[in-house]
Amino acid sequence: MRRLTRYKHALAESHARAIPERGAHLWVWDRAFVLAFLAWTSPAIAQSENLLPVPSGQPVHLSDVLLDNNPGELWVRFRFIAPKIGSDVGRIGYDVASVDMEHLCQTLAVAYVAKYELDPARVVISLSDRPLEFGRSSPDATQYFEAYRLEQSQCIWEGL
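Just so we're clear, the structure is a prediction, and the values are computed from it rather than from any experiment.

Rules of the game
Residues numbered from 1 in each chain as written. Predicted model: local features only at pLDDT ≥ 70, side-chain atom pairs only at ≥ 80, totals over all residues. Heavy atoms only, no water. Buried < 20%, exposed > 50% of the residue type's maximum accessible area, 1.4 Å probe, protein only. Helix = DSSP H or I, 4+ residues; strand = E, 2+ residues; numbered from the N terminus. Pairing = 2+ DSSP bridges. Right-handed = clockwise from strand over helix to strand, strands pointing away. 1 Å grid on protein atoms, 1.4 Å probe; cavity = no way out; pocket = protein on both sides within 12 Å on 5 of 7 lines; lining within 4 Å. Points joined across faces, edges and corners; volume = space filled by probe spheres on them. Nonpolar A, V, L, I, M, F, W, Y, C, P; charged D, E, K, R; others polar.

Q: Mind showing me how you'd approach the pairing of strand β4 (residues 122–128) here?
A: Consecutive residues of a regular strand have side chains that alternate between opposite faces of the sheet. Across the 7 residues of β4, 6 count as buried, placing the element largely inside the fold. With 7 bridges connecting them, strand β3 (residues 75–81) and β4 associate as parallel partners. Bridged to Val76 within β4 is Val123. For the handedness criterion, the β-α-β arrangement of β3, helix α2 (residues 94–115) and β4 is classed as right-handed. Direction of pairing for β4 relative to strand β5 (residues 143–151): antiparallel, over a ladder of 6 bridges. When the sheet's bridge partners are listed, Leu127 is paired in β5 with Tyr144.

Structure below.
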């Protein structure tokens, strides 16, 4: 299922442009690319319903991939929905989710950046317990973020 789309705009309240000034137009397969890549590396993934494998085993799926030049350099943001995260008893806390985020960076973001020949200053992996519009907050939502720089196909934690 191949389709031509533009990168989604990463717009916060400042309404800064999210795509490179030259206008990035690439063949983007969005979730189809991610699922095909993961199915190729792990046949069991093809049978799960858009869920990505993470060390904790929690259900995680890709929501968006955004290019963001607002920080003054290219950041590629991978936004995931992980409905079981949170600080309440029985929820998946930050300590476990941070391992999942590193895994997603290494297994998904590195391949995506290489495939589309991007050269980001940072890769941001975010988990949210519910879909949220980029740049908006919700007091009831739980969100975790981690930033990485890529060096020789490795995710190096930067911390936010």
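Q: I keep staring at the layout of surface pockets and nothing clicks. Help me out?
A: Any empty space left between the atoms is revealed when a probe the size of a water molecule rolls over them. Empty space within the largest pocket amounts to approximately 270 Å³. Contributing to the lining of the largest pocket are 22 residues, with Arg79, Phe134, Gly135, Gln143 and Phe145 lying nearest its centre. If you list the elements that add at least two residues to the lining of the largest pocket, you get β2 (61–68), β3, β4 and β5. Per-element tally for the lining of the largest pocket: the top contributor is β3, with 5 residues. For the lining of the largest pocket, the class distribution of residues is 9 nonpolar, 7 polar and 6 charged.

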